Amino acid sequence: MTMTAPDDRISALHNLISQSGLFEAVWYASRLSACEQDTDDLIRHFLTEGTRRQLDPGPLFNTARYLKQCWHLRPGTDNALVHYLTHGIEEGRIVEGVHDRRLHNDRQATVPTRLTAFPAPLPRIAVVVHAFYPDVLEHSILPRLKHFGCAYSLLITTDSEEKAAHIGQLIADSLPDAQSFIRVTPNRGRNFGPLLSCWRDALLEHDLFLHLHTKKSLYTGSDQQEWRDTLLDTLLPTQQGVAGIVQRFMEDEALGVLQPAPGPTVPWWAWTWLTNKAAARPLLKRLNITPPDGYFDYPAGGMFWTRSSALAPLLELPWSPDDFPEESGQTDGTTAHVIERCIGLVARSTGCRLDEYDRSAGLIRVGYGRRNLDLYERQTPKDLAAAIHTATTVSFDLFDTLLTRIALTPDTIHHAVADRLVRTFPQLAPSGEDFVSLRKQAEHAAREALFGTDDVTLNDIYAALATQTGWPDEALALARSEEVRIDQNVLRPRPAVMDALRLARAEGKRTLLVSDTYLTRTELDPVLDRTGILPLIDEIYLSSKRLARKDRGDMWDLLRATEQTDTLLHIGDNEQADIQRTADLRIRHHHVLSGLNMLRLSPLAPHVFDCLSSTPGTSSRHAEQRRLAGDILLGPLVSNLFASPFLDPGTPGSHAASLTTPITLTAPETVGRVLLGPLLTTFLARLASHPAIAGLEHLHFLSREGHFLCRLYTHLREHWLPHLPEASVFPVSRRVAISAAQAVRFDPEILFHSGDGYRGSMADLLAARLGVIVPDDDSLHDLIVSLPEDRATTRNLTLLLRDAILQQAHISRNELLAWATSQGIEAGAEIRRGVVDVGYGGTIQRHLQTALNVPFTGFYMAAEPGMRRVEKTGGLAFGLLANGERAGAFRQDASIFLESILTAPHGQVTGYDTSVSPPQPRFAAAGLSQQNFMVLTRIINGAEEYLSDLLESYGPSVLHALQHGTAAALAPLSALRSGAIRLSPAISDVLFTEDTFCGRGEIRAMDECLPDRAEKISEK
């Protein structure tokens, strides 16, 4: 077919194109210029102008790729689709879809759709249909099955013999060669009841099956027929499209479920449990699956392709029609709705993957569904403002909408109360360890006492708790006061939503606060006043006061009776209580994602939530402590990264291209709060609580890493823990300490023992590790050595240069002794001292003890096995975050990044000037870190803000709860290494670690933190 073909040729091809299923007029027209979109005959346009411009006829056919494989065709002259239909199919050519990742803002792994031939041998395939409405079967499903293209078993259920006979005739007329089976079964459980009660054994005998149905009501508020047709066209694209789906299952054994992308009318918030979670728990418990929180993938609409083995746990349960209630409308919470949401969960529990076939974008999402989140991602503050403009009354949810917590869940507060009870009342029976579960039981009992018609207050809950536990009044009072105090302190405003409230007020709207909460105005007003909400609200509807709830629905009935809801706009985060309930009542709403659900959607989620769980065999107490520490340490991520519900402009200091893609940190303070805050706070908590610190009178933070660490420790001591020993920075370096120690005990292998490795000249090695400066014309400048390989060479040269080394060693020791004496550090002194450093082998502490004859107690982030050598010279050493093998992993994963930030405003210490009194340290030339020291200071400012925020919110007693937080403390750095968190170039480009000691010079930190493999993964 050429562009200049005569009209009769175009007319002949017109039918071929229109019946191919590959030309989509609406899709094609949407990609034309505005003046072309009203073209009467779009196929003619495609055969002429479309040929010349090499346009795609639809999302399943990529013209450019087809022309590339068919190099003999003339681009701009030969029509690729015509060639495929007339020659390419017969030739067995594979066609790829347009793979449009921009259409729905895809940022994760995707592959193009494919049109192929069926694989050989052909798997056993079943198509199972619940045909409650035979007319839908006749007009929507059977015409598509005519072009299925391979052998399959057609398994159909309906609810009456009359319908069964009619369906049998329809199949005989439309699919005379089909191997069909029809069963009559009660219309229970929508399409899933018949699927599981009638066909589960049959499906287990097939390799793959396609599940369809004839439901006319797929989702409230959407265009039902349009969505159903979209799902069917996706699952049955064309004969070659079906072959491409089957081929994909055969090629990829990990593929368990292939679900269709939903139509654009399905709201993103449908991909949550809504009202189904309680009903799902018994089924998931039988399947040994933990119900997920937040958003998760499932085939909305209930139609999908699957590998039978992927759903085997579900199919193998003994289902019968009696397991499903009588049909009674579209109410959520039935077994069928639960099963629909469990499809992806079951597949993943068998080790399989869930993919999503998006016909409109011509691609398959590998391992995830998009959930229409792009519709949410496009929302901006301007959209919210526009919605407010058209309302006369604007109501706001409170928790997670106007306010967010620096806690992963509200339960964090209850876990913190439990920890406080255990420490304050260790003899309580039942134990304070059980506070979280006991409190939930008490709340349930308080609600039961009201027969579920009213709502409860905190007084009601604690009255029930008193009856339930018999705890003394002092314990109950402590628990209640701590719960209120912490809950009040951890709440933070969400600036973008607060702006919306201020806008509504400025425009004269009536403003309401509507919240499901057991708190009363007495507990809430201090928070509302502190955050500036109280003066902006006209009326407050609290469930504890109004005796009605949003999630139950009667709060909305109350509002309809008391407010003008026809012109009301409700703004909230809870997908069920705020959105689904208002949608059912046709009350206008604007959904803003909670910060917690934004975190759950992000790539940070596994790093955050995985570290909260404990390994099997862990005691319940230790598991609880680990979870609490993680909740507290990582809770601030919610407010630090997801305070804004919008991607544009996003949270100040960070941004993301999508809800599901990496977060880029753009402000140094955010880097400090997010990446360093949890780690340094945990380290300081363990330092402050360590039993070895009790008898010490002074802590020396070893420079240069000690510069910022000492600042944070002093901040902690001055503001919260004045009983801690005083602290100061000890300006010293490995080079100075090692050199000085040689004057006391000469070690010919010191160059080997003092560091991990080295690459460079022997002269530079002597200078870097011992301060011995070799003349410029010495041949040692030309002698290149490598450690540990050249151990023997360096040992022999050390012996040869003994006199020069000892000469410098005596100078180093005398200077060090003079400086130490000026600081009161002397052999035999009664003051007990400690040293603090990042770690790993205790080199500086060990050599200081040798040179000064003063023992120290060392506190390190990580202590490798070699740290034990400090004991030989009278000292002690403790790894507060990692020891042994774990210390090695800590060093590999975190050392370069930490040391690029934990530095001082000066170069390395090279000695001490004893010509002045008191002696002053001498420094080498400043490096790249010192040139960018302002950025590093701002990062530490952020870490200090994090520390202060945590202690001001929970109180200093929280430091005891952080003893089990090592995994959580390291989680943000794990996210950085994996690419889930990224740094903007303005930050990453100024992070350097000086490693002259090992001959590496200035190391770009992010090159070490992100090895090539991790970078490639994150780019994908």
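A. Main features of the overall build of the chain. A tally of helices and strands in the chain yields 45 helices and 32 strands. Taken over the C-alpha atoms alone, the chain extends approximately 105 × 80 × 55 Å along its principal axes. The burial tally for the chain puts 58% of its 1020 residues in the buried class. Within the chain, residue pairs in contact and separated by at least 24 positions form 73% of the contacts whose partners lie at least 6 positions apart.

B. Representation of the sheet that holds strand β20 (residues 663-665) within the structure. Reading across the sheet, the 3 strands line up as β19-β20-β30 and stay open at both edges, with mixed pairing between neighbours. Whereas interior strands pair on both sides, the edge strands pair on one side only; in this sheet they are β19 (654-656) and β30 (981-983). Shown here is a sheet whose adjacent strand axes are inclined to one another by a mean of 30°, direction ignored. Sheet analysis places β20 next to β30, joined by 3 bridges and oriented parallel. Counted as the bridge partner of Thr-664 is Arg-982 from β30.

C. Seen up close, the environment of Val-242. Looking at the secondary structure, you find Val-242 in helix α11 (residues 239-251). Expressed as a C-alpha distance, the spacing of Val-242 and His-147, which sit 95 residues apart in the sequence, is 9.0 Å.

D. Examining the sheet that holds strand β25 (residues 833-837) more closely. In spatial order, the strands read β22-β21-β25-β26-β27; together these 5 strands make up an open sheet with parallel pairing. Edge strands, defined here as strands with exactly one partner in the open sheet, are β22 (726-730) and β27 (876-883). Pairwise comparison of adjacent strand axes, ignoring direction, gives a mean angle of 25° for this sheet. Taken strand by strand, helix α30 (residues 668-689) contacts β21 (698-702), β25, β26 (857-863) and β27, and its axis lies near 140° from that of β27.

E. The arrangement of the side chain of Ser-900 in detail. Here Ser-900 is to be found in helix α38 (residues 884-901). Of the polar contacts made by the side chain of Ser-900, one reaches the backbone oxygen of Phe-897; its length is 2.6 Å. Once residues within four sequence positions are removed from consideration, Ser-900 is found in contact with Ser-929, Leu-936, Leu-991, Phe-992, Thr-993 and Ala-1005.

F. Focus on unusual backbone geometry. Look at the link from Ala-120 to Pro-121: it is a cis peptide, with omega at 0°. Examined against the element boundaries, Pro-121 turns out to sit in the loop between β3 (114-115) and β4 (125-130). Here the bond from Leu-787 into Pro-788 is cis, since omega is 15°, no more than 30 degrees from zero. Tracing the backbone shows Pro-788 in the loop between β24 (784-787) and α35 (791-800). Within the chain, Asn-372 stands out as a residue other than glycine whose phi angle is a positive 60°. Note on placement: Asn-372 falls in the loop between β11 (363-365) and α15 (373-377). Of note, the phi angle at Arg-586 is positive, near 55°, even though the residue is not glycine. By the element assignment, Arg-586 lies in the loop between α25 (575-584) and β18 (588-591). We classify Arg-586 as exposed; its relative accessible area is 77%.

G. Broad picture of the packing of aromatic side chains. As enumerated under the stated definition, the model contains 21 aromatic pairs in all. Between the aromatic rings of Phe-296 and Tyr-298, the centroid separation amounts to 6.0 Å while the plane-to-plane angle is 45°, which identifies the pairing as tilted. For the pair Phe-296 and Tyr-298, one class covers both residues: buried. Aromatic pair Phe-859 and Phe-878: ring centres 6.1 Å apart, planes at 25°, arrangement stacked. Taken together, the positions of Phe-859 in strand β26 and Phe-878 in strand β27 put the pair 19 residues apart, joining distant regions of the chain. Since its relative accessible area comes to 0%, Phe-859 is described here as buried.

H. Up close: the confidence of the model for the chain. Taken as a whole, the chain shows an average pLDDT of 92; of its residues, 97% reach a score of 70 or greater. Below pLDDT 50 for its whole length, residues 1012-1020 participates in 11 contacts with residues either more than four positions away or in separate chains.

I. Structural detail: the pairing of β22. Pairing of β21 with β22 involves 5 bridges; the strand directions are parallel. From the neighbouring strand, His-700 faces β22, where its bridge partner is Ser-728.

J. Geometry of helix α40 (residues 933-954). For α40, which comprises 22 residues, the first-to-last C-alpha distance of 32 Å matches the rise-based estimate of 32 Å (1.5 Å per residue) to within 8%. Counting buried residues along α40, 16 of its 22 residues qualify, which places the element largely inside the surrounding structure. One or two steps after α40, the chain reaches Gly-955, where phi turns positive at roughly 95°.

K. The arrangement of helix α34 (residues 762-770) in detail. Buried residues dominate α34, accounting for 8 of its 9 residues. Regarding α34, the residues found buried are Met-762, Ala-763, Leu-765, Leu-766, Ala-767, Ala-768, Arg-769 and Leu-770. Those residues of α34 hidden inside the fold are in contact with α32 (734-742), α33 (750-753), β23 (758-761), β24, α35 and α36 (802-822). Downstream of α34 by one or two residues, Gly-771 has phi in the positive range, about 75°.

L. View of the nonpolar core. Of all hydrophobic cores here, the largest spans 261 residues; its most connected members are Phe-148, Trp-305, Phe-897 and Leu-991. Beyond its immediate stretch of four places on either side in the chain, Phe-148 contacts Phe-118, Ile-125, Val-127, Leu-210, Leu-236, Gln-239, Val-242 and Trp-305. Counting 22 residues, the second-largest nonpolar core is a separate cluster that includes Leu-702, Trp-819, Met-867 and Val-909.

M. Inspection of the packing of α30 against α40 at higher detail. Remark: α30 packs on α40, axes separated minimally by 7 Å, with the N-to-C direction vectors making an angle of 55°. Our classification of the angle between α30 and α40 gives oblique. The crossing of α30 and α40 is right-handed. Seen from α30, the contacting residues are Pro-668, Glu-669, Val-671, Gly-672, Arg-673, Leu-676, Gly-677, Pro-678, Leu-680, Thr-681 and Leu-684; seen from α40, they are Val-935, Arg-938, Ile-939, Ile-940, Gly-942, Ala-943, Glu-945, Tyr-946, Leu-947 and Leu-950. For the contact of α30 with α40, the residue count by class is 13 nonpolar, 4 polar and 4 charged.

N. Quick look at the side chain of Ser-754. Relative to the helices and strands, Ser-754 resides in the loop between α33 and β23. The exposure class assigned to Ser-754 is buried, which follows from its relative accessible area of 4%. There is a polar contact of 2.9 Å between the side chain of Ser-754 and the backbone oxygen of Ile-750. Aside from chain neighbours lying at most four places away, what touches Ser-754 is Arg-734, Ile-738, Arg-769, Thr-843 and Phe-997.

O. Inspection of the pairing of strand β5 (residues 153-158) at higher detail. The buried fraction of β5 amounts to 6 of the 6 residues, a majority that puts the element mostly inside the structure. The alternating pattern of β5 places Ser-153, Leu-155 and Thr-157 on one face and Leu-154, Ile-156 and Thr-158 on the opposite face, and all of these are buried. In this sheet, β5 lies alongside β4 in parallel orientation, the contact comprising 5 bridges. Among the inter-strand pairings, Val-129 is bridged to a residue of β5, identified as Ile-156. What joins β4 to β5 is helix α7 (residues 134-145), and the crossover it makes is right-handed. Of the pairings in the sheet, the one linking β5 to strand β6 (residues 179-184) comprises 6 bridges and is parallel in character. Residue pairing for β6: Thr-158 is matched across the bridge by Val-184.

Criteria and thresholds
- Residues numbered from 1 in each chain as written.
- Predicted model: local features only at pLDDT ≥ 70, side-chain atom pairs only at ≥ 80, totals over all residues.
- Heavy atoms only, no water.
- Helix = DSSP H or I, 4+ residues; strand = E, 2+ residues; numbered from the N terminus.
- Buried < 20%, exposed > 50% of the residue type's maximum accessible area, 1.4 Å probe, protein only.
- Contact = heavy atoms within 4.5 Å.
- Pairing = 2+ DSSP bridges.
- Axes fitted to C-alpha atoms, helices over the stretch in contact; angles between N-to-C directions.
- Polar contact = N/O pair within 3.5 Å; in protein donor to acceptor, adjacent residues only side chain to side chain.
- Phe/Tyr/Trp six-rings, centres within 6.5 Å; stacked < 30°, edge-to-face > 60°.
- pLDDT = per-residue confidence, 0-100.
- Expected span 1.5 Å × (residues − 1).
- Core = buried A, V, L, I, M, F, W, Y, C linked by side-chain atoms within 4.5 Å.
- Parallel < 35°, antiparallel > 145°, perpendicular 65-115°, else oblique.
- Left-handed = near helix turned anticlockwise from the far one by under 90°.
- Nonpolar A, V, L, I, M, F, W, Y, C, P; charged D, E, K, R; others polar.
- Right-handed = clockwise from strand over helix to strand, strands pointing away.

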